[in-house]
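Descriptive analysis of the structure
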Amino acid sequence: MSHISQAPVERITIPVLQRWKGEGRRVAMTTAYDAVTACIADPIVDIILVGDSVGNVCLGFDNTLPVSMAMMNHHLEAVSRTRPRALLVADMPFLSFHLGPEETIRNAGGFLQRGADAVKLEGGAKRTEIVRALVDCDIPVMGHLGLTPQSVNVMGGFKVQGRNADDALRLLDDAHRLQEAGCFALVLEGIPAELAARATETLTIPTIGIGAGPSCSGQVLVFHDVLGLTASHRPKFVRTYVEGFQLLQEALSRWAADVRNGAFPTSQECYRLPEGLSDAIASWAPSNPT
Ligand code: KIV
């Protein structure tokens, strides 16, 4: 019996997510950065995010700040070639939406031209103008509040946000301003569960939590964290369902051992010459170099 929990086959769109919020149906979202991860994730989840976390998860950076539009486009194109049925969201990297509406619209529009259904960008009230500009161009926007990794230098590290009254109230206010500006959903990252619950019950748009407790409309985790593919420290909100890193290393080392002891490949894993050609090959000798 298969234990695969598959998502419905219907294509997930923004109106579908809106409907699910009304029905109290929870949304599962994960990241994908290439065609392989997209094909694994697509039958299972509702939203695929080509996150700028590609920077620290796959590209060896310490944080997301060095991730460029060129890098994001490269990874988005790989994911979008798999034509996912999940809603495909592309993350606006640092400095791609800070330099004015024209450049922001060109960058976000380029994501849509490469197959994304929507874009995600980090930040609160100060982003409402740019969100409006994008929505005016029919570019759907997912907001992202709380522990926003692109603000690591302002936050003084990757720290839980919204833990004092001012910050908590500001976050609620920001969430409503982003909704008003036209965001179709919000990621809430690294905030107290009670605060995420209050945002979720007062907003009409879905909230997708990561380290934000169980009351959000859905949850997102990085693909490599769920599958144990990251060797680095995992924060406490991450639940790992398989120690993939270790499992894959064990499998690879069995193959390498078979190579070294001659057990790979067997005759079933070889191509053969047609009848008669073996003799011709055996009687061939290299000509003497002149
Ligand atoms: O880049 C990313 O992976 C994200 C999610 C963790 C929400 O922004």
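Refer to the structure printed above.
On a predicted model such as this, the values are computed, not experimentally measured, just so you know. (Residues numbered from 1 in each chain as written. Predicted model: local features only at pLDDT ≥ 70, side-chain atom pairs only at ≥ 80, totals over all residues. Heavy atoms only, no water.)

1. Digging into the nonpolar core
One finds Ile48, Phe111, Val119, Leu121, Leu186 and Leu188 to be the most contacted residues of the largest nonpolar core, which totals 48 residues. In terms of residue count, the dominant contributor to this core is helix α8 (residues 165-181) (six residues). Setting aside residues up to four positions removed in sequence, Val119 forms contacts with Val89, Ala90, Met92, Ala108, Phe111, Leu112, Leu134, Ile139, Pro140, Val141 and Met142. Within the second largest apolar cluster, 22 residues are counted, among which are Trp20, Leu87, Met142 and Ile208. (Core = buried A, V, L, I, M, F, W, Y, C linked by side-chain atoms within 4.5 Å. Buried < 20%, exposed > 50% of the residue type's maximum accessible area, 1.4 Å probe, protein only. Helix = DSSP H or I, 4+ residues; strand = E, 2+ residues; numbered from the N terminus. Contact = heavy atoms within 4.5 Å.)

2. Focus: helix α1 (residues 14-23)
Along an α-helix, a turn takes 3.6 residues, which lines up residues three or four apart on a common side. Every buried residue of α1 is accounted for by Ile14, Val16, Leu17, Trp20 and Lys21. Taken around the axis of α1, the buried residues stretch over an arc of 155 degrees, which confines them to a single face. Opposite the packed face of α1, turned more than 90 degrees from it, sit the exposed residues Pro15 and Gly22. Lining the buried residues of α1 we find β1 (27-31), β2 (47-50), β3 (87-91) and α9 (193-202). Gly24 occupies a position one or two residues after α1 and carries a positive phi of about 70 degrees. (Arc of directions from axis to C-beta.)

3. Observations regarding the packing of aromatic side chains
All chains considered together, the criterion is met by one aromatic pair. With a centroid separation of 6.2 Å and an interplanar angle of 65 degrees, the aromatic rings of Trp255 and Phe264 are classed as edge-to-face. Sitting above the plane of the Trp20 ring, Arg25 keeps its charged end 4.0 Å from the centroid. (Phe/Tyr/Trp six-rings, centres within 6.5 Å; stacked < 30°, edge-to-face > 60°. Lys NZ or Arg CZ within 6 Å of the ring centre and 35° of its normal.)

4. Looking at helix α6 (residues 128-136)
Burial in α6 covers these residues: Thr128, Ile130, Val131, Ala133 and Leu134. Close packing links the buried residues of α6 with α5 (101-113), β4 (118-122), β5 (141-146) and α8. Of the residues flanking the end of α6, it is Asp138, one or two places downstream, whose phi is positive at about 65 degrees.

5. Looking at the sheet that holds β3
Pairing is parallel around the closed barrel formed by eight strands, whose spatial order is β1-β2-β3-β4-β5-β6-β7-β8. Averaged over all pairs of adjacent strands, the angle between strand axes in this sheet comes to 25 degrees, irrespective of strand direction. The pairing of β3 with β4 spans three bridges and is classified as parallel. Pairing of Val89 across the sheet is with Ala118, part of β4. (Pairing = 2+ DSSP bridges. Axes fitted to C-alpha atoms, helices over the stretch in contact; angles between N-to-C directions.)

6. Some points on a nonpolar patch on the surface
Taken together, the side chains of Leu252, Trp255, Val259 and Phe264 define a hydrophobic patch exposed on the protein surface, amounting to about 390 Å² of accessible area. Here Val259 lies in helix α11 (residues 244-261). Of the residues examined, Val259 reaches a relative accessible area of 38% and is grouped as partly exposed. (Patch = residues over 30% accessible without salt bridge, like charges linked within 9 Å, V, L, I, M, F, W, Y side chains within 5 Å. Areas by Shrake-Rupley, 256 points an atom, 1.4 Å probe, with all protein chains shown as cover. Salt bridge = Lys/Arg side-chain N within 4 Å of Asp/Glu carboxyl O.)

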